[in-house]
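Architecture and fold: a report
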Amino acid sequence: MPKIGIVTDNTCDIDPKQLEEMGIGCVSLYVKWKDKFERAVDIDVDDFYEFLKTSDYIPATSQPTPQDFEEVYKKMLKDYDELISVHLSGKLSGTYNSARIAAQNLDEKRIHIVESYEATWGLGYLVLELKKLIDSGDYSIEDLKSFVEHFQEKVNVYFTVGSLNYLAKGGRIGKATAFVGSMLNIKPLLKLDNGEILPVKRIRGYNKIIKELSTLAMEEKGKGELKNITVEHTGSLKLGGDLLDEVVKLGVPREKIIFEPMDIIIGMHLGPDSGGIVTTWE
């Protein structure tokens, strides 16, 4: 059986040190702020979100280059026979295309680029489940590719934003453009579905958005057994904390919940005072 490695990117929200310890390759996207491009993994998350709250300037992001991928692939192929590479949804970023170009330049027979249709911890949990599957020894490359392609069927990603301006400026707003211009005293409830951002409904009032978002995120999928849950935010401990409290009220043990700021690439496009919940199901 071939030895198969995994490559992902920083938007999976798994700590880069943890990825390194697990032998998982990671390619970083870039952020342009303070007049220069930096790798997202080299920027302090808390500092970045404080900057975002107080600055009129909306930073830009950039996908990794094919050369960035080639560097990681070459290193990984020294230790693995084949690689499965899963990244931020191709509908949200050109990262997926950069990975494909790099695979074509190197060795498409050994490097398999598979669309995840995910972001943040939706991608993170996919990576962790892939790692478990590979470590079990009970897999083929086709099994792994099929697992990736169907993983989104077991994931809920719901979120809200303080302003739609960040999504609109970044071009990631998708069909949620229907909500632009209707934000006065209204909170938009959005979801990630089939790799793109979709509008769910407009909700009047902060408390109502907290309850509605949490309830929808906890809707059962698959066999109906909750496997993983993350509550994340863009530096807003109040919004994140209120979502966390609501999920606990719904019966999820606090120790089961990951609570943290989301990766700055995704967080920058959502903007300050944004947050959401990711759940995966058996």
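Further up the page is the structure itself.
Counting starts from 1 at the beginning of each chain's written sequence and moves along it residue by residue. Two thresholds apply to this predicted model, a pLDDT of at least 70 for residue-level local features and 80 or more for giving and counting side-chain atom pairs, whereas whole-chain, interface and lining totals are computed over all residues. Think of the side-chain values as coming from all heavy atoms in the structure, minus any hydrogens and water.

**Topic: the packing of aromatic side chains**
For clarity, the threshold we go by: Under the pairing criterion, centres of Phe, Tyr and Trp rings, with the six-membered ring standing for Trp, must be within 6.5 Å; the plane angle then separates stacked pairs below 30 degrees from edge-to-face pairs above 60, leaving the rest tilted. Going along the chain from the N terminus, every DSSP run of H or I of four or more residues is numbered as a helix, and every run of E of two or more is numbered as a strand. Partly exposed residues are those whose accessible area sits between 20% and 50% of the maximum for their type, while under 20% is buried and over 50% is exposed, using a 1.4 Å probe and protein chains only. Only when the NZ of Lys or the CZ of Arg is both within 6 Å of the ring centre and within 35 degrees of the ring normal is a charge said to sit over the ring.
Per the counting criterion, the structure on display carries six aromatic pairs. With centroids separated by 5.2 Å and ring planes inclined at 65°, the aromatic side chains of tryptophan 33 and phenylalanine 48 adopt a geometry described as edge-to-face. Separated by 15 residues along the polypeptide, tryptophan 33 in strand β3 (residues 30-33) and phenylalanine 48 in helix α2 (residues 45-54) bring together distant segments of the chain. Each of the two residues, tryptophan 33 as well as phenylalanine 48, counts as buried. Relative to phenylalanine 151, the ring of phenylalanine 147 lies with its centre 5.7 Å away and its plane at 50°, an arrangement referred to as tilted. One end of the pair, phenylalanine 147, and the other, phenylalanine 151, are both in helix α6 (residues 141-151), four residues apart, so they sit about a helical turn from each other. Judged on exposure class, the residue phenylalanine 147 and its partner phenylalanine 151 are both buried. Grouped by ring-pair contacts, the aromatic residues Trp33, Phe48, Tyr49 and Phe51 constitute a single cluster. The positively charged end of lysine 3 is found above the aromatic ring belonging to tyrosine 80, 5.1 Å away from the centroid.

**Examining helix α9 (residues 237-249)**
Side chains that are three or four residues apart share a direction in an α-helix, a result of its 3.6 residues per turn. Test applied: How far a helix is expected to stretch is found by multiplying one less than its residue total by 1.5 Å. The contact rule is simple, with two residues in contact once any of their heavy atoms fall within 4.5 Å.
If you check α9, its first and last C-alpha atoms are 18 Å apart, about what 13 residues at 1.5 Å a residue would give, namely 18 Å. All of the buried residues in α9 are Leu239, Gly240, Gly241, Leu243, Leu244, Glu246 and Val247. Buried residues along α9 sit in contact with β8 (155-160), α8 (206-217), β11 (226-233), β12 (257-261) and β13 (275-281). Count one or two residues on from α9 and you reach glycine 251, which has phi positive near 105°.

**Side note on the pairing of strand β1 (residues 4-9)**
Stated precisely, the cut-off is as follows: By this definition, two strands are paired if DSSP reports at least two bridges between them. Classification remark: right-handed applies to a crossover when, strands pointing away from the viewer, the course from the first strand over the helix to the second runs clockwise.
Burial runs high along β1: six of the six residues are buried. Across the two faces of β1 the burial is the same, with Ile4, Ile6 and Thr8 and Gly5, Val7 and Asp9 all buried. Alignment of β1 against strand β6 (residues 82-88), held across four bridges, turns out to be parallel. Of the residues in β6, the one forming a bridge with isoleucine 4 is glutamate 82. Looking at chain direction, β1 and strand β2 (residues 25-27) are connected through three bridges and run parallel. The residue of β2 that forms the bridge with threonine 8 is cysteine 26. Of the crossover connections in this fold, the one passing from β1 over helix α1 (residues 16-21) to the parallel β2 is right-handed.

Remember, this is a structural readout, not a statement about activity or role.
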